[in-house]
Amino acid sequence: MYTTKISGVAHYVPDNIVTNNDLSKTIDTNDEWITERTGIKERRFAGPNDSTSSMGTRAAERAIERAGIDKSEIDFIIFATLSPDYYFPGPGVLVQEQLGLKEVGALDVRNQCSGFVYGLSVADQFIKTGMYKTILLIGSELHSGGLDMTTRGRGVSVIFGDGAGAVVLKRAEDGEEGVLSTHLHSEGKHAEELALIAPNTKRWVPTIMQNKDPDDISYFPYMNGNFVFKHAVVRFSEVIMEALQTNNATISDIDLLIPHQANLRISQFIQNKLQMRDDQVYNNIMRYGNTTAASIPIAMSEAWEEGRIKSGDLICLAAFGSGFTWASALLKW
Ligand code: ACO
């Protein structure tokens, strides 16, 4: 069995910074409410030339450069998102075209906030078994165009932002360490507590348009905020401990926990519960909001740029989100 190593990480976020005060010009909200409840101060919204795939491609180009490989070495693409360019096909194939790669396989992952860790787990299995040597894994989201930017949608819309992150995963050299384990979970009975319901196979676009119901909000994301919060803090903690126990490690062994940037309050709750020091937990939701599948690779990229991830560090990734799904990964950098 081979080992999977992260050999390059990078991110791309649109230039357009949208502050809480900017949002309060069109939505009945304010900086104090958003900061207190979520920790978010600003987020990025995509410009007219950005798409989920193009942001992913830009992050990928930087990750490939940082990995020091030629793009022709990429054997496979995995793309995690809940906001694809098209309903179908998924954005993985668009990245294959935009990067000008040979005709490699492209897999799309639909696990929302857990999508990046699910994608990492899939990539790890392909590399471990020897099927592929070099895999490009992307998490990218363009939420801004699909949010209810009126006061009606304020409980959800103020939380999300746009952006992308990417990693190049490689087969490690003999004796090198990398991904130690990954852990994936789901509980579909809560599917509708955090979901975007339409269009779907029972309510296609023509039906929605025919009904012309101004109160139909089924094509906007819905979140039962309190319910999500309560489940998130439990599942995050469980899945972090699962990763540690599998590897006979303890909380104090973690050099950096990179949680999915759902809400600063969730991260702080986990940090307190697990009695972790500030320097053991990475948060950047203040600057980007919740970027769903992109949040972990954006955070990983910034942490690496800031020198908070060094060779040999024990890194824990953990995510929870719509599905519900939750997941973790423990890796040696
Ligand atoms: N600005 C001002 N007031 C608002 C806003 C807003 N943006 N949104 C809601 N309110 C109001 C509500 O209308 C309500 O007013 P009322 O009391 O007069 O009815 C009041 O604030 C409280 O609303 P709640 O929804 O109960 O607010 P809550 O304190 O639960 O905070 C939040 C909402 C931040 C979403 C919280 O439930 C939460 O943190 N949930 C966790 C979910 C989360 O973070 N999800 C992230 C995405 S999912 C993921 O990545 C896992």
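These figures come from a predicted structure and were not determined experimentally.

A look at the sheet that holds strand 4 (residues 76-80)
Part 1 of the reasoning: Overall, mixed pairing links the five strands, which are arranged 1-7-6-4-5 in an open sheet. The outermost strands of the open sheet, each flanked by one partner alone, are strand 1 (4-12) and strand 5 (105-109). Going from strand to strand, the sheet's axes swing by 20° on average, the running direction of each strand aside.
Part 2 of the reasoning: Direction of pairing for strand 1 relative to strand 7 (residues 163-171): antiparallel, over a ladder of eight bridges. Among the inter-strand pairings, Ile6 is bridged to a residue of strand 7, identified as Leu169.
Part 3 of the reasoning: Running over the sheet, helix 5 (residues 115-128) touches strand 1, strand 4, strand 5, strand 6 (134-141) and strand 7 and is turned about 170° from strand 6.

Topic: the nonpolar core
Nonpolar side chains tend toward joint burial in soluble globular proteins.
Part 1 of the reasoning: Of all hydrophobic cores here, the largest spans 34 residues; its most connected members are Ile258, Met300 and Leu317.
Part 2 of the reasoning: By residue number, the principal contributor to this core is helix 5, which donates six residues.
Part 3 of the reasoning: Both domains that meet at this core, namely domain 1 (3-175) and domain 2 (179-332), each give it at least three residues.
Part 4 of the reasoning: Not counting residues up to four positions away in its chain, the partners in contact with Leu317 are Phe116, Val117, Leu120, Ile258, Ile296, Met300, Ala327, Ser328, Ala329 and Leu331.

Comments concerning the environment of Phe320
Part 1 of the reasoning: Tracing the backbone through its elements, the reader meets Phe320 in strand 12 (residues 314-321).
Part 2 of the reasoning: Linking Phe320 and Val13, residues 307 residues apart in sequence, is a C-alpha distance of 22 Å.
Part 3 of the reasoning: If near-sequence neighbours (up to four positions away) are discounted, Phe320 is found in contact with Cys113, Ser114, Val228, His231, Ala232, Arg235, Phe236, His260, Thr325 and Trp326.

Considerations on the site of the ligand
Part 1 of the reasoning: In the region of the ligand, 24 residues are neighbours, and Thr29, Arg37, His260, Asn263 and Asn290 sit closest.
Part 2 of the reasoning: Summarising the interface, the protein chains cover 72% of the accessible area of the ligand, which totals 1,000 Å² for the free molecule.
Part 3 of the reasoning: Listing elements by their share of the shell around the ligand, those giving two or more residues are helix 2 (31-38), helix 6 (154-157), helix 8 (225-246) and strand 12.
Part 4 of the reasoning: Counting residues per element, the shell around the ligand draws most heavily on helix 8, which supplies four residues.
Part 5 of the reasoning: When residues are assigned to domains, the shell around the ligand turns out to be shared by domain 1 (3-175) and domain 2 (179-332), each giving three or more.

Side note on the domain arrangement of the protein
Part 1 of the reasoning: Domain boundaries in the protein define domain 1 (3-175) and domain 2 (179-332).
Part 2 of the reasoning: Between domain 1 and domain 2, the C-alpha centre-to-centre distance is 14 Å.
Part 3 of the reasoning: On the domain 2 side, the residues contacting the 53 residues of domain 1 number 50 residues.
Part 4 of the reasoning: Interface of domain 1 and domain 2: buried area, both sides summed, is about 3,900 Å²; carbon and sulfur atoms make up 64% of it.
Part 5 of the reasoning: One can count one salt bridge joining domain 1 with domain 2.
Part 6 of the reasoning: Between Arg66 and Glu305 there is a salt bridge; the shortest N-O distance is 2.9 Å.

Focus: the packing of aromatic side chains
Part 1 of the reasoning: Scanning the model with the defined rule gives 10 aromatic pairs in all.
Part 2 of the reasoning: When the centroid spacing of 6.0 Å and the interplanar angle of 35° are considered together, the rings of Phe227 and Phe324 count as tilted. Here Phe227 is found in helix 8, whereas its partner Phe324 is found in the loop between strand 12 and strand 13 (325-332), with 97 residues between them in sequence.
Part 3 of the reasoning: A residue is classified by how much of its surface remains accessible, and Phe324, at 1% relative accessible area, is buried.
Part 4 of the reasoning: Consider the rings of Phe236 and Phe320, whose centres lie 6.5 Å apart with planes at 45°: the pair is tilted. In this pair, Phe236 sits in helix 8 while Phe320 sits in strand 12, placing the two residues 84 residues apart along the sequence. Assigned by exposure class, Phe236 and Phe320 land together as buried.
Part 5 of the reasoning: Among the aromatic side chains, those forming a connected cluster through ring pairs are Phe227, Phe236, Phe320, Phe324 and Trp326.
Part 6 of the reasoning: For the cation-ring pair, Arg171 lies above Tyr2, with the distance from its terminal atom to the ring centre recorded as 3.7 Å.

A few points about the side chain of Glu302
Part 1 of the reasoning: With respect to the element layout, Glu302 can be found in helix 11 (residues 295-305).
Part 2 of the reasoning: Of the polar contacts made by the side chain of Glu302, one reaches the side chain of Asn284; its length is 3.1 Å.
Part 3 of the reasoning: Separated by 2.5 Å, the side chains of Glu302 and Tyr288 make a polar contact.
Part 4 of the reasoning: Apart from residues no more than four positions distant in its own chain, Glu302 is found in contact with His11, Tyr282, Asn284, Arg287 and Tyr288.

A closer look at the pairing of strand 5
Side-chain positions along a regular strand alternate between the two faces of the sheet.
Part 1 of the reasoning: In the sheet, strand 4 pairs with strand 5 via five bridges, with the strands oriented parallel. Residue pairing for strand 5: Phe79 is matched across the bridge by Asp108.

A look at the packing of helix 8 against helix 9 (residues 264-273)
Part 1 of the reasoning: Close contact between helix 8 and helix 9 brings their axes to 10 Å; oriented N to C, the two are set at 45°. Classified by the interaxial angle, the pair formed by helix 8 and helix 9 is oblique. Crossing geometry of helix 8 relative to helix 9 is assigned as right-handed. Contacts from Phe229, Ala232, Val233, Val234, Phe236, Ser237 and Ile240 in helix 8 reach Arg265, Ile266, Phe269, Ile270 and Lys273 in helix 9.
Part 2 of the reasoning: The residue inventory of the contact of helix 8 with helix 9, partitioned by class, reads nine nonpolar, one polar and two charged.

The rules behind the values
- Residues numbered from 1 in each chain as written.
- Predicted model: local features only at pLDDT ≥ 70, side-chain atom pairs only at ≥ 80, totals over all residues.
- Heavy atoms only, no water.
- Pairing = 2+ DSSP bridges.
- Helix = DSSP H or I, 4+ residues; strand = E, 2+ residues; numbered from the N terminus.
- Axes fitted to C-alpha atoms, helices over the stretch in contact; angles between N-to-C directions.
- Contact = heavy atoms within 4.5 Å.
- Core = buried A, V, L, I, M, F, W, Y, C linked by side-chain atoms within 4.5 Å.
- Buried < 20%, exposed > 50% of the residue type's maximum accessible area, 1.4 Å probe, protein only.
- Domains from an automatic or database assignment.
- Near = heavy atom within 4 Å.
- Areas by Shrake-Rupley, 256 points an atom, 1.4 Å probe, with all protein chains shown as cover.
- Buried area = accessible area lost by both parts, 1.4 Å probe.
- Salt bridge = Lys/Arg side-chain N within 4 Å of Asp/Glu carboxyl O.
- Phe/Tyr/Trp six-rings, centres within 6.5 Å; stacked < 30°, edge-to-face > 60°.
- Lys NZ or Arg CZ within 6 Å of the ring centre and 35° of its normal.
- Polar contact = N/O pair within 3.5 Å; in protein donor to acceptor, adjacent residues only side chain to side chain.
- Parallel < 35°, antiparallel > 145°, perpendicular 65-115°, else oblique.
- Left-handed = near helix turned anticlockwise from the far one by under 90°.
- Nonpolar A, V, L, I, M, F, W, Y, C, P; charged D, E, K, R; others polar.

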